[in-house]
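The primary structure of each chain is shown beneath.
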Amino acid sequence: MTSVAERDENGDSKGGSMTRRTPLGTSLAARRDLGWIGIPLVAAVGLAAFWLLPDDLALLTRIAASALFVLSLDLVLGYGGIATLGQAAMFGTGAYAAGIVAVNWNNDPFVMLAAGGLAGGLIALATGALILHARGLTLLMLTIAVGQIVQEVANKARDWTGGSDGLSGIDPAPVLGMFRFDMYGRTSYLFALAVLVVGLLVARRIVRSPFGLACRGVSEDPLRISAIGGSPKSYLVVLYGVAGVFAGVAGALTAVTSGIVGLDSAGFPWSAEALVMLVLGGTGRLYGAVIGTAAFMGIHHILAASDPFHWMGFIGLFLIGIVLFLPGGIASGVERLGGLLRGPSQNNGEDRA
């Protein structure tokens, strides 16, 4: 019997020669290839956007920070199989923690990120240990409840959070003492892009580690993990905490780049939008979070500017089209294209192996 730790991140046994294919016909070898180039491609496209779209840096900064948040949801849902609609609780906690630290003690951007990540991780561990006893719809409702509780606490703690008026006056110090956050958003965008790339690298290392493979094993077959001596709940709680750190850092990054934190950062709509972005891009693929976020927010920006009254209808039709024709998300279409570029002869050889 091959243990979970002996399988690679796509579910293939290291010792086996069989290359499985997804329901859409995309070889897992193609997914591995795209996984290797995904992060460098994000960095390259991000830098190109800095030069090509100098007037849209504020939007690009929001996309980068949001992509890191959606990435945290991908760790939970795509790799751990934990259905949640309360991921914004960790995002909002991290944003408020970073803002409070900046206003009262230290406004160094890296200190703010550390404070946000720590706060997001702690709230995720504390709540995850309680709610992950449940499954299915019960778990989904509990995650929503956690988000509502965090939002209400932030609303009542006006002296620290500003309540419904939001926490303002966040003025981060220059990055490394040299790069000041200017009104054009250049430093904000490059800083957000750098944090996103580092987050992708760390997340990739996590999902490829024995811990990440065990978490995927728990989502696929928890009884088997128990049979080989593992604790499914412990793995999921730790993964939930790790994802909370990513969400907290994303919230802190938003506080750094925008200078304000509002109650909507911990609200249910933000969790729901993140889930839509992830499904749009593709779950279980780290770069799918980036693709889905960029597609959703880009289309949102364009349609809202051209038709401010009916843009939600267009987005709804777009989502329906993606679900019907690319059920694996936009990333699955990219993988299919990558499989075609590999050549039919090579793919046929893999199928026969």
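Look a little higher up for the structure.
Computed from a predicted model, the values in this text were never measured in an experiment.

### Some thoughts on the overall build of the protein
Then comes step 1: Scanning the protein from terminus to terminus reveals 15 helices and zero strands.
Then comes step 2: Put simply, the protein has 353 residues, and 51% of those count as buried.
Then comes step 3: Looking at the protein as shown, the accessible area adds up to about 16,600 Å², and 67% of this sits on carbon and sulfur atoms.

### Thoughts on the side chain of Thr 84
Then comes step 1: Tracing the backbone through its elements, the reader meets Thr 84 in the loop between helix 2 (57-79) and helix 3 (88-104).
Then comes step 2: With a relative accessible area of 4%, Thr 84 lands in the buried category.
Then comes step 3: Looking at Thr 84, its side chain comes within polar contact range of the main-chain nitrogen of Gly 86, at 3.1 Å.
Then comes step 4: Not counting residues up to four positions away in its chain, the partners in contact with Thr 84 are Leu 73, Val 76, Leu 140, Thr 143 and Tyr 240.

### Re the packing of helix 2 against helix 7 (residues 186-208)
Then comes step 1: Where helix 2 meets helix 7, the closest approach of the two axes is 8 Å, and the angle between their N-to-C directions is 15 degrees. Our classification of the angle between helix 2 and helix 7 gives roughly parallel. Along this stretch, helix 2 crosses helix 7, giving a crossing that reads as left-handed. Contacts between helix 2 and helix 7 involve Leu 57, Leu 60, Thr 61, Ala 64, Ala 67, Leu 68, Leu 71, Leu 75 and Tyr 79 from the former and Arg 186, Ser 188, Tyr 189, Ala 192, Leu 193, Val 195, Leu 196, Gly 199, Leu 200, Ala 203 and Val 207 from the latter.
Then comes step 2: When grouped by side-chain class, the residues that make up the contact of helix 2 with helix 7 number 16 nonpolar, three polar and one charged.

### Quick look at the side chain of Asp 74
Then comes step 1: Along the polypeptide, Asp 74 turns up in helix 2.
Then comes step 2: Nearest to the buried, unbridged Asp 74 among oppositely charged side chains is Arg 216, at 7.4 Å.

### Some remarks on helix 12 (residues 286-306)
Then comes step 1: Taking 1.5 Å per residue as the helical rise, helix 12 with its 21 residues ought to reach 30 Å, and the 31 Å between its terminal C-alpha atoms agrees with that figure.
Then comes step 2: Buried residues of helix 12: Leu 286, Tyr 287, Gly 288, Ala 289, Val 290, Gly 292, Thr 293, Ala 295, Phe 296, Met 297, Gly 298 and Leu 303, and no others.

### Side note on the packing of aromatic side chains
For any two aromatic rings, the description comes down to two numbers: the centre-to-centre distance and the angle of the planes.
Then comes step 1: Taken as a whole, this structure holds nine aromatic pairs when the rule is applied.
Then comes step 2: Taking 6.2 Å as the distance between ring centres and 45 degrees as the angle between the ring planes, the aromatic pair formed by Phe 211 and Tyr 235 counts as tilted. Remark: Tyr 235 occurs in helix 10 (residues 232-258) and Phe 211 occurs in helix 8 (residues 210-220); sequence separation between them is 24 residues.
Then comes step 3: When its relative accessible area of 22% is taken as the criterion, Phe 211 is described as partly exposed.
Then comes step 4: Residue Tyr 235 is classed as partly exposed on the basis of its relative accessible area, which comes to 28%.
Then comes step 5: Taken together, the ring pairs in this structure connect Phe 50, Trp 51 and Tyr 189 into an aromatic cluster.

### Re the packing of helix 4 (residues 109-131) against helix 10
Then comes step 1: Where helix 4 meets helix 10, the axes come as close as 6 Å, and the angle between the chain directions of the two elements is 145 degrees. Judged by the sense of rotation from one axis to the other, the crossing of helix 4 with helix 10 is right-handed.
Then comes step 2: Residues belonging to the contact of helix 4 with helix 10 are distributed by class as follows: 16 nonpolar, nine polar and one charged.

The rules behind each value
- Residues numbered from 1 in each chain as written.
- Predicted model: local features only at pLDDT ≥ 70, side-chain atom pairs only at ≥ 80, totals over all residues.
- Heavy atoms only, no water.
- Helix = DSSP H or I, 4+ residues; strand = E, 2+ residues; numbered from the N terminus.
- Buried < 20%, exposed > 50% of the residue type's maximum accessible area, 1.4 Å probe, protein only.
- Areas by Shrake-Rupley, 256 points an atom, 1.4 Å probe, with all protein chains shown as cover.
- Polar contact = N/O pair within 3.5 Å; in protein donor to acceptor, adjacent residues only side chain to side chain.
- Contact = heavy atoms within 4.5 Å.
- Axes fitted to C-alpha atoms, helices over the stretch in contact; angles between N-to-C directions.
- Parallel < 35°, antiparallel > 145°, perpendicular 65-115°, else oblique.
- Left-handed = near helix turned anticlockwise from the far one by under 90°.
- Nonpolar A, V, L, I, M, F, W, Y, C, P; charged D, E, K, R; others polar.
- Lys, Arg positive; Asp, Glu negative; His and termini not counted.
- Salt bridge = Lys/Arg side-chain N within 4 Å of Asp/Glu carboxyl O.
- Expected span 1.5 Å × (residues − 1).
- Phe/Tyr/Trp six-rings, centres within 6.5 Å; stacked < 30°, edge-to-face > 60°.

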